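# Residue-level structural notes
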Amino acid sequence: MSSSLAKACESLIEVKDQFEESDELVQAILERDNAEDLLIAVGMAIAYSEDAITLNKKGEAHLIAASKELDQIIEELEEDDE
Amino acid sequence: MPQGLYSDQYLKALIAEKPKVAKEFFTAIAESEYVGEKEIISCIEVPDWVLVKAGVAACKNPNFPMKNFEEFLGNEETLTESYWNLFNYPHLKKEHIKKLSQHSNINVRGLALAHPFGDHDLLLALLKKVIPENDHSCHVITNRICQTVPLNDELFAYLTSVHDFESGSRTIGQALWDNPSLSDLHKAELVLSEITPKGDGNSFWDDHRENLISSVPYFQLFDSSFGYLKAKFDSIPTFSPQVTQFFNSKGHPLSVLLPEESEAEIKVDRYVLDDLNSAGLLNRLFWSELCQRDDFEIYRRNAYRTDDLFISHPILSREFEEADVDNATHLGGVFIFDNQKWLIGNQELPADRAAWELRAYEQSMATIVEDGTYEYLGQTLIAMTFELPELPEKYGFELTEDAEEWMIDAALEFAEPDSFDVSADLNPLFREVLSWSKTPDAKKLVIFEFLLLGLSEEESKLRSDCIHFLGCMALHDSTPKSILEKLAKIKDPLIDEVLSSRN
């Protein structure tokens, strides 16, 4: 696994862990046009970490891109809080 | 006999004729967790020292010692938490009632004032204060006071004026109908005021009562299954064989199931038919051997809030198979599967049902997350591939061999019982002692008469059970010709069809 994919997976799983505590994060994701793609990516990261799925290049790219976008959403929420 | 109590003639005989064996019997009961169960505390032959072990619930039994009762009364916590039980004590004295009538707890006070020794003028004043305020902290108005207070005209007039007041799922008017002191004149007034008794929607099932205490050693001997009471029942030490030998010699109805000849006459009695039909004893008696036939097997079927255990047979199970799967437990011979010892059950959650449990039908991860369901997002992704087979290609992944099992494991955490594929069979390791073929002919006739007695019941689960077992009797190769002839005379369509199939 490439380091960028590993990092993306870790980040996506952390996002899922934050859902319980942050309704704002959930809402911010759901408001996105590509909410389904982002949430699928979260599910893929969890399933991948449990060896329930394998990824091809397209899958890897989807996770990395989704991770970046979710990081951006979290950052924006943090800025709003400040 | 006071309400809720019964006399067990077999136990009474044991106490009189074999006091030492009786003492051992009661010691076994008293040492077990079963001591607090209904059949123990409701039996008037049970001695005081056993009842004391049962605790406050046993206060309804007249043998409960006054000294221990007064200790309960003196304990404020017991009094305020268990007033329902304490006011069942048949030896309540005037001085008890006088003191309790001044208690700060409104329920205790209300019950004391409503007691035959209570001050009914004060009770009326209390009711006139509580009812208009709709004060539901007094839980005993409809479920106790109105049903038990000796009614005078003034009390009756007030209660009928507020007959609509509802508490504990019944109104005052409905509760008054259950009051044994209701005079014919009062009844006429209720009718004229269009105050009717509470219709009982569950009457079909309401014929259940506790077993005889003398049946308990037989249940142990037969290794019976007791559902939620299993742990308590299993805590009873093994009874001496002398106990059942004695009860057999007195013609105990459950001795009819033992393979040896009976020296005593076994009386057919409606009251003990329930004992015979309880704990699946008749099911075991007939089904275990009938399952050796090619056309007869155990059949378990689940549905919403139902896990029915019955049999499959071209005639005897037709009604069950055609019935609404959610509503067939009431049919004759059917019972709820609960891992009974004599059965062995299997259940598994198929992958497609697991996917459904994980809400794959939503076809949208966003919809699921919007509902606040985050715990199984990985497994939900796998589940969604069942509804959206194009998903893996679209997003660039493939399921591994472990994916399905991982998804099923998650769904097992919360899957509804009716999502499982279920099956059951006779437990090959269970040592079955009940056998229709080994039952002596004289006892077969007694069992026939018991079941015939059940047929005289109104529509009920018991009646339906009896028809089913008579049908089993008609099918079994070991049923004597004389009984087959009697079965034919019943003129029941199901039994007749089974009898015709024998030819």
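One structure accompanies this document, and this report is about it. These figures come from a predicted structure and were not determined experimentally.

The next subject is the overall build of chain A. Along the backbone of chain A there are 4 helices and 1 strand. N-terminal to C-terminal, the α/β element order of chain A is α-α-α-β-α. In terms of C-alpha radius of gyration, chain A reaches 12 Å, essentially the compact-globule figure of 12 Å for 82 residues. Along the three orthogonal principal directions, the C-alpha set of chain A runs to about 35 × 20 × 20 Å. When the 82 residues of chain A are sorted by exposure, 46% land in the buried category. Nonlocal contacts in chain A, meaning residues at least 24 apart in sequence, comprise 68% of its contacts between residues at least 6 apart. Working note: accessible area of chain A is about 4,500 Å², and carbon and sulfur atoms make up 42% of it. For chain A, the distance from the average position of its 6 positive side-chain charges to the average position of its 23 negative side-chain charges is 12 Å.

All right, on to the interface of chain B and chain A then. In this complex, chain B contributes 25 residues to the contact, which on the side of chain A involves 25 residues. Summing both partners gives a buried area of about 2,100 Å² for chain B against chain A, and 68% of it is carried by carbon and sulfur. A per-residue breakdown of the area chain B buries against chain A is headed by Y374, Y395 and W406 of chain B, which together make up 32% of the total. Linking chain B with chain A are 0 salt bridges. Viewed at the interface, chain A and chain B are joined by 11 residue pairs in polar contact (both at pLDDT 80 or more). For the side of chain B that touches chain A, the secondary-structure elements that each account for two or more residues are α22 (365–370), α23 (377–387), α24 (391–395), β7 (397–399) and α25 (403–412) of chain B.

All names here are of chain B. All chains considered together, the criterion is met by 21 aromatic pairs over all chains. Consider the rings of F64 and F72, whose centres lie 5.8 Å apart with planes at 20 degrees: the pair is stacked. An identical accessibility class is assigned to F64 and F72; each is buried. Ring geometry for F246 versus F247: centroids 6.2 Å apart, planes at 65 degrees, classification edge-to-face. The exposure class assigned to F246 is buried, which follows from its relative accessible area of 6%. Through pairs of rings, three or more aromatic residues link up here, namely W287, Y299, F310, F320, F335 and W342. Above the ring of W436, the side-chain terminus of K444 is found at 5.3 Å from the ring centroid.

Attention now goes to the packing of helix α28 (residues 481–490) of chain B against helix α29 (residues 493–501) of chain B. Residue and element names in this part refer to chain B. In the contact formed by α28 and α29, the axes pass within 8 Å of each other and the chain directions differ by 135 degrees. As far as their axial angle goes, α29 and α28 are oblique. Between α28 and α29 the crossing geometry is left-handed. Contacts between α28 and α29 pair L484, L487, A488 and I490 from the former with I495, D496 and L499 from the latter.

Before going further, it helps to examine the environment of E194 of chain B. Residues and elements named next belong to chain B. In this fold, E194 is placed in the loop between α14 (184–192) and α15 (216–221). For E194, a relative accessible area of 67% translates into the label exposed. It is 73 Å that separates the C-alpha atoms of E194 and G396, two residues lying 202 residues apart in sequence.

With that settled, consider the pairing of strand β3 (residues 297–303) of chain B. Within a regular beta strand, the side chains point alternately toward one face of the sheet and then the other, so they alternate between its two faces. The buried fraction of β3 of chain B is high, at 5 of 7 residues. Counting the residues that bridge the hairpin from β3 of chain B to strand β4 (residues 306–312) of chain B gives 2 residues, and of these R305 of chain B lies at a positive phi of roughly 55 degrees.

Here the focus is the environment of V162 of chain B. Locating V162 of chain B in the fold gives a position in the loop between α12 (153–161) and β1 (166–167). C-alpha of V162 of chain B to C-alpha of P132 of chain B: the two residues are 30 residues apart in sequence and 8.6 Å apart in space.

Turning our attention to the nonpolar core. The nonpolar side chains of a soluble globular protein tend to be buried with one another. By size, the foremost hydrophobic cluster in this structure holds 135 residues, and its most contacted members are L257, W287, M473 and L487 of chain B. With 9 residues, helix α27 (residues 461–475) of chain B is the largest single contributor of residues to this core. Apart from residues lying up to four places away in sequence, W287 of chain B is in contact with F296, I298, L309, F310, I311, G333, F335, W342, H468, F469 and C472 of chain B. Listed in part, the 58 residues of the second largest apolar core include Y48 and I74 of chain A together with L377 and A403 of chain B.

Here 3 strands make up an open sheet; going across it, the order is β3-β4-β5 (chain B) and the pairing antiparallel. Of all the strands in the sheet, the pair left with one neighbour each is β3 and β5 (335–336) of chain B.

To continue, consider the pattern of salt bridges. Enumeration over the complete set of coordinates arrives at 19 salt bridges over all chains. Note that E69 of chain A and R32 of chain A form a salt bridge whose closest N and O atoms lie 3.5 Å from each other. On the criterion of sequence distance, the pair formed by E69 of chain A in helix α4 (residues 57–81) and R32 of chain A in the loop between α2 (23–30) and α3 (35–49) is long-range, its members being 37 residues apart. Residue class for E69 of chain A comes out partly exposed when judged on its relative accessible area of 24%. R463 of chain B is the partner of E459 of chain B in a salt bridge, and the nearest nitrogen-oxygen pair spans 3.7 Å.

On to the environment of L276 of chain B, then. Turning to its location among the elements, L276 of chain B is positioned in helix α18 (residues 270–277). Excluding anything up to four places from it in sequence, L276 of chain B contacts P253, L254, V256, L257, L281, L282 and F450 of chain B.

Residue and element names in this part refer to chain B. When you tally the buried positions in α18, you get 6 out of 8 residues, the bulk of the element. Restricting attention to buried positions, one finds in α18 the residues V272, L273, D274, D275, L276 and N277. Following α18 by one or two positions, A279 has its phi on the positive side, about 55 degrees.

Now for α29 of chain B. Residues and elements named next belong to chain B. Of the positions making up α29, those classed as buried are I495, V498 and L499. Relative to the axis of α29, the buried residues are bounded by an arc of 100 degrees and lie together on one face. If you check the start of α29, you find a side-chain oxygen 3.0 Å away from the backbone N of L494, and it comes from D492.

Moving on, we come to the state of the cysteines. Considering all chains together, one arrives at 0 disulfides over all chains under this definition. This cysteine, C291 of chain B, is not joined by any disulfide, and C472 of chain B carries the nearest cysteine sulfur, 9.7 Å off.

About the cut-offs
- Sequence order sets the numbering: in each chain, residues are counted from 1 along the sequence as written.
- Chains carry letters from A onward and ligands carry numbers from 1 onward, assigned in written order.
- Totals for whole chains, interfaces and linings use all residues, but because this is a predicted model, local features are given only for residues with pLDDT of at least 70 and pairs of side-chain atoms are given and counted only at 80 or more.
- The basis for every side-chain value is the complete set of non-hydrogen atoms in the structure, without hydrogens or water.
- For helices the rule is a DSSP run of H or I covering at least 4 residues; for strands it is a run of E covering at least 2, with both sets numbered from the N terminus onward.
- Our radius of gyration looks at C-alpha atoms and nothing else; its globule reference is 2.2 Å times the residue count to the power 0.38.
- When a residue's accessible area, from a 1.4 Å probe over protein chains only, is under 20% of the maximum for its type it is buried; when over 50% it is exposed; and in between it is partly exposed.
- Whether two residues touch is decided by their heavy atoms; if any such pair falls within 4.5 Å, the residues are in contact.
- Accessible areas in this description were obtained via Shrake-Rupley with a 1.4 Å probe; residue shielding takes into account the shown protein chains only.
- Positive residues here are Lys and Arg, negative ones are Asp and Glu, while His and the chain termini are left out of the count.
- Charge positions come from single atoms, namely NZ of Lys, CZ of Arg, CG of Asp or CD of Glu.
- For any pair of parts, buried area is found by adding up, for both, the accessible area (1.4 Å probe) each one loses once the two are put together.
- Every case where a carboxyl oxygen of Asp or Glu lies within 4 Å of a side-chain nitrogen of Lys or Arg is listed as a salt bridge.
- Whenever a nitrogen or oxygen atom comes within 3.5 Å of another N or O atom, the pair is scored as a polar contact, on the condition that within protein one atom can donate a hydrogen and the other can accept it, and that pairs from neighbouring residues in sequence are kept only if both atoms are in side chains.
- Here a pair means two rings of Phe, Tyr or Trp (six-membered ring of Trp) with centres within 6.5 Å. Their orientation is stacked below 30 degrees between planes, edge-to-face above 60, and tilted elsewhere.
- Only lysine NZ and arginine CZ atoms are considered, and such an atom sits over a ring when it is within 6 Å of the ring centre and within 35 degrees of the ring normal.
- Simply put, an axis is a line fit to the C-alpha atoms, just over the touching stretch for a helix, and the angle between two N-to-C directions goes from 0 to 180 degrees.
- Every angle not falling under 35 degrees, over 145, or within 65 to 115 is termed oblique; those three ranges are roughly parallel, roughly antiparallel and roughly perpendicular.
- Crossings are sorted by hand: turned counterclockwise from the far helix by less than a right angle, the near helix makes the crossing left-handed, and turned clockwise it makes it right-handed.
- When DSSP finds two or more bridges between a pair of strands, those strands are recorded as paired.
- In this text, buried Ala, Val, Leu, Ile, Met, Phe, Trp, Tyr and Cys residues form a nonpolar core when linked through side-chain atoms within 4.5 Å.
- Along the arc lie the directions from the helix axis toward the C-beta atoms.
- Note on terminology: disulfide denotes any pair of cysteine sulfur atoms within 2.5 Å.

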